[in-house]
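Okay, here's what each chain looks like letter by letter:
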Amino acid sequence: MGKKTHTLSPSRKHFRKLSCSRLVCSSTSGITVTELSGLKRFHSWPNMSEIKTTDPTATEAGEEKDWAAAKAFFDSLKTKKPRPPKPQYAVTIAVSSRTLFNMVAESKIYKEDGVETYVAYQQEHDNEPLMPGVAFPLVKALMSVNARLRQLYPDSEELFDIVLMTNNHAQVGVRLINSINHYDLTIERFCMTGGQSPIGYLKAYLTNLYLSKDGEKVMEAIEEGIAAATMFASGDVENKLSDTQLKVAFDGDAVLFSDESEIIVKQHGLDTFFEHEKEFENKPLAQGPLKCFLEALGKLQRKFYAKNERMTCPIRTYLVTSRSAASSGARVLKTLRSWGLEIDEALFLAGAPKGPLLQKIRPHIFFDDQMFHIEGAKELGTIAAHVPYGIGQKYHKEKLSEQPAKDTK
């Protein structure tokens, strides 16, 4: 009889844990069967018959042990590429392929010739990098912040984690991967849903912010309680962005805060609004769809403050609101204080256009619920993102109907 050979037969549970930890036996990963056998020092492979039901506490402890074992194994491998952080500690930004890369020509092929021609075209151009898209500068800035965090906290997993969230087909993945590697982007987590909506996966990826060019998907995400916005490219104006500091600008009502006060403005006018804000000055506003994202940014900012780097912090936040400071500004600032959140700069415009001021700030992204503010920002070179939330949407349906077609890429 010949010499016995043995094959690895992990249980589904353990295979899933290792998949999440990037344990892949392939020529590209460089992990051999011999190396995998060395992993058994950290991780046992039970037979299916040996698996027993455990209580939730024991299961959770086991999951932590599994993660620690897998991480220890990968830490033993030599690589210059930073590993993605553990999802529950990271600030996860999910971007669609059409926001990360400029895929106008490819989208045209999809619309005019169908999915099969589109996929074939992408495969034929596997080795041709896609051009940067509207979210590209933001992703580069997120990576820059991560580099600073790793310098100060080498073992910390409280970092930005960028996920490519797309309903592209897996066959297109090679070109996307080659493009990401061409620009040296740190994007390891992919979700490619083959034509189906990826929104159902956002919570599973513990997403803190979802950015897309598809307004309908963004609305779905917000309805699921996830911070989301539809990104728009800036106009022809050259507006160079910072390479060393991530700048994020927020509108107030219906973005960071609920649309409670905006409803009063729309239905009863400014005088009633001013009276209402004065009466309820000490009552915090309810949170809006992007409050949780500001909270996540604040968590990372405080890590720099703890190292006495407040003045050189690579994250800077801005509140850019149409509110008047004296008439209705106090409630906004007191609300932020009640949440335990800071904003670096608060700019009250009393109804003046936001575009010129944003042109001076030069944020990597500006969030607003009103399309006319988005248009004004775009015209002066600002990358703007529409948050389709609140009563303001009812007053700008004609603008909303002009959004790009569904993001099928």
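In this text, all values refer to a predicted model and were calculated from it rather than measured experimentally.

**Overview of the overall build of the chain**
So, step 1. For the chain, the count of helices and strands is 16 helices and 12 strands.
So, step 2. Evaluated residue by residue, the chain yields a buried proportion of 48% over its 409 residues.
So, step 3. Expressed as a percentage of contacts within the chain between residues at least 6 apart in sequence, the contacts between residues at least 24 apart total 77%.
So, step 4. Only carbon and sulfur atoms are counted for the fraction: they give 52% of the accessible area of the chain, which is about 20800 Å².

**Things to note about the environment of Ser338**
So, step 1. The topology assignment puts Ser338 in helix α13 (residues 325–339).
So, step 2. Its relative accessible area of 44% is what places Ser338 among the partly exposed residues.
So, step 3. Separated by 55 residues in the primary sequence, Ser338 and Lys283 have C-alpha atoms spaced 9.3 Å apart.

**Quick look at unusual backbone geometry**
So, step 1. For Ala254, which is not glycine, the phi torsion reads 70° and is therefore positive.
So, step 2. Among the structural elements, Ala254 can be located in the loop between β8 (246–250) and α10 (260–268).
So, step 3. Overall, Ala254 belongs to the buried group, its relative accessible area being 0%.

**Looking at the nonpolar core**
So, step 1. Leu100, Phe160, Leu211, Leu246, Phe250, Phe293 and Phe367 are the most contacted members of the largest nonpolar core, which has 77 residues in total.
So, step 2. Beyond its immediate stretch of four places on either side in the chain, Phe367 contacts Leu209, Leu211, Ala229, Val248, Ala249, Phe250, Asp251, Val255, Leu290, Phe293, Ala385 and Val387.
So, step 3. The next biggest cluster of nonpolar side chains, apart from the first, holds 13 residues, and it includes Leu347, Ile361, Ala377 and Ala384.

**What to know about the confidence of the model for the chain**
So, step 1. Overall, the prediction assigns the chain a mean pLDDT of 82, with 79% of residues at 70 or greater.
So, step 2. Mean pLDDT across the secondary structure elements of the chain bottoms out at helix α1 (residues 12–20), with 39, and peaks at β8, with 98.
So, step 3. A low-confidence stretch, residues 1–53 stays under pLDDT 50, and its non-local contacts, those more than four residues away or across chains, total 49 contacts.
So, step 4. Across residues 397–409, confidence stays below pLDDT 50; counting only partners more than four residues off in sequence or on other chains, it has 36 contacts.

**Observations concerning helix α12 (residues 291–305)**
So, step 1. Compared with the 21 Å implied by 1.5 Å per residue over 15 residues, the 21 Å span of α12 between its first and last C-alpha is a close match.
So, step 2. Among the 15 residues that make up α12, 11 are buried, leaving the element largely enclosed by the rest of the structure.
So, step 3. Burial in α12 covers these residues: Lys291, Phe293, Leu294, Ala296, Leu297, Gly298, Leu300, Gln301, Lys303, Phe304 and Tyr305.

**Let's talk about the packing of α10 against helix α11 (residues 270–279)**
So, step 1. Running from N to C, α10 and α11 point in directions that differ by 150°, and their axes come no closer than 7 Å. Considered as vectors, α10 and α11 are oriented roughly antiparallel to each other. For the crossing formed where α10 meets α11, the hand is right-handed. Packed against α10, whose contacting residues are Glu260, Ser261, Ile264, Val265 and His268, the element α11 presents Leu270, Thr272, Phe273, His276 and Glu277 at the interface.
So, step 2. A per-class count over the contact of α10 with α11 returns four nonpolar, four polar and two charged.

**Some words on the side chain of Ser156**
So, step 1. You can see Ser156 is positioned in the loop between α7 (136–152) and β4 (160–166).
So, step 2. You can call Ser156 buried: its relative accessible area is 19%.
So, step 3. Looking at Ser156, its side chain comes within polar contact range of the side chain of Lys303, at 3.4 Å.

**A closer look at α7**
So, step 1. An ideal rise of 1.5 Å per residue puts 24 Å on 17 residues; α7 measures up with 25 Å between its terminal C-alpha atoms.
So, step 2. Restricting attention to buried positions, one finds in α7 the residues Phe136, Leu138, Val139, Ala141, Leu142, Met143, Val145, Asn146 and Leu149.

**Overview of the pattern of salt bridges**
So, step 1. One pass over the full model with this rule turns up 21 salt bridges.
So, step 2. A salt bridge links Glu158 to Lys303; its shortest N-O distance comes to 3.0 Å. With Glu158 in the loop between α7 and β4 and Lys303 in helix α12, this residue pair connects regions lying 145 residues apart in the sequence.
So, step 3. Judged by relative accessible area, which is 26%, Glu158 ranks as partly exposed.
So, step 4. A residue is classified by how much of its surface remains accessible, and Lys303, at 11% relative accessible area, is buried.
So, step 5. Between Glu375 and Lys378 there is a salt bridge, with its nearest N and O atoms 3.7 Å apart. One end of the pair, Glu375, and the other, Lys378, are both in helix α15 (residues 371–379), three residues apart, so they sit about a helical turn from each other.

**Examining the side chain of His386**
So, step 1. Looking at where His386 falls in the secondary structure, it is placed in strand β12 (residues 384–386).
So, step 2. Assessed through its relative accessible area of 0%, His386 is described here as buried.
So, step 3. Only 3.1 Å separates the side chain of His386 from the backbone oxygen of Asp369, close enough to count as a polar contact.
So, step 4. A distance of 3.1 Å separates polar atoms of two side chains, one belonging to His386 and the other to Gln393.

**Quick look at the packing of aromatic side chains**
So, step 1. Under the defined criterion, the tally for this structure stands at eight aromatic pairs.
So, step 2. Seen from their ring centres, Phe257 and Trp339 are 5.6 Å apart, and the 40° between their planes marks the pair as tilted. Of this pair, Phe257 sits in the loop between β8 and α10 while Trp339 sits in helix α13, and the two are 82 residues apart along the sequence. Across this residue pair, the class does not change: Phe257 and Trp339 are buried.
So, step 3. With centroids separated by 6.2 Å and ring planes inclined at 75°, the aromatic side chains of Phe293 and Phe367 adopt a geometry described as edge-to-face.

**Considering the sheet that holds strand β5 (residues 189–192)**
So, step 1. Strands sit in the order β5-β4-β1-β6-β7-β12-β11-β8-β9-β10 across an open sheet of 10 strands; the sheet is mixed. Each edge of the open sheet is held by one strand with a lone partner, namely β5 and β10 (345–348). For this sheet, the mean angle separating the axes of adjacent strands, direction not counted, is 25°.
So, step 2. The pairing of strand β1 (residues 91–95) with β4 spans five bridges and is parallel. Within β4, the residue paired with Ile93 across the bridge is Ile162.
So, step 3. Together, β4 and β5 form the strand contacts of helix α8 (residues 173–182), whose direction differs from that of β5 by roughly 150°.

Criteria and thresholds
- Residues numbered from 1 in each chain as written.
- Predicted model: local features only at pLDDT ≥ 70, side-chain atom pairs only at ≥ 80, totals over all residues.
- Heavy atoms only, no water.
- Helix = DSSP H or I, 4+ residues; strand = E, 2+ residues; numbered from the N terminus.
- Buried < 20%, exposed > 50% of the residue type's maximum accessible area, 1.4 Å probe, protein only.
- Contact = heavy atoms within 4.5 Å.
- Areas by Shrake-Rupley, 256 points an atom, 1.4 Å probe, with all protein chains shown as cover.
- Core = buried A, V, L, I, M, F, W, Y, C linked by side-chain atoms within 4.5 Å.
- pLDDT = per-residue confidence, 0-100.
- Expected span 1.5 Å × (residues − 1).
- Axes fitted to C-alpha atoms, helices over the stretch in contact; angles between N-to-C directions.
- Parallel < 35°, antiparallel > 145°, perpendicular 65-115°, else oblique.
- Left-handed = near helix turned anticlockwise from the far one by under 90°.
- Nonpolar A, V, L, I, M, F, W, Y, C, P; charged D, E, K, R; others polar.
- Polar contact = N/O pair within 3.5 Å; in protein donor to acceptor, adjacent residues only side chain to side chain.
- Salt bridge = Lys/Arg side-chain N within 4 Å of Asp/Glu carboxyl O.
- Phe/Tyr/Trp six-rings, centres within 6.5 Å; stacked < 30°, edge-to-face > 60°.
- Pairing = 2+ DSSP bridges.

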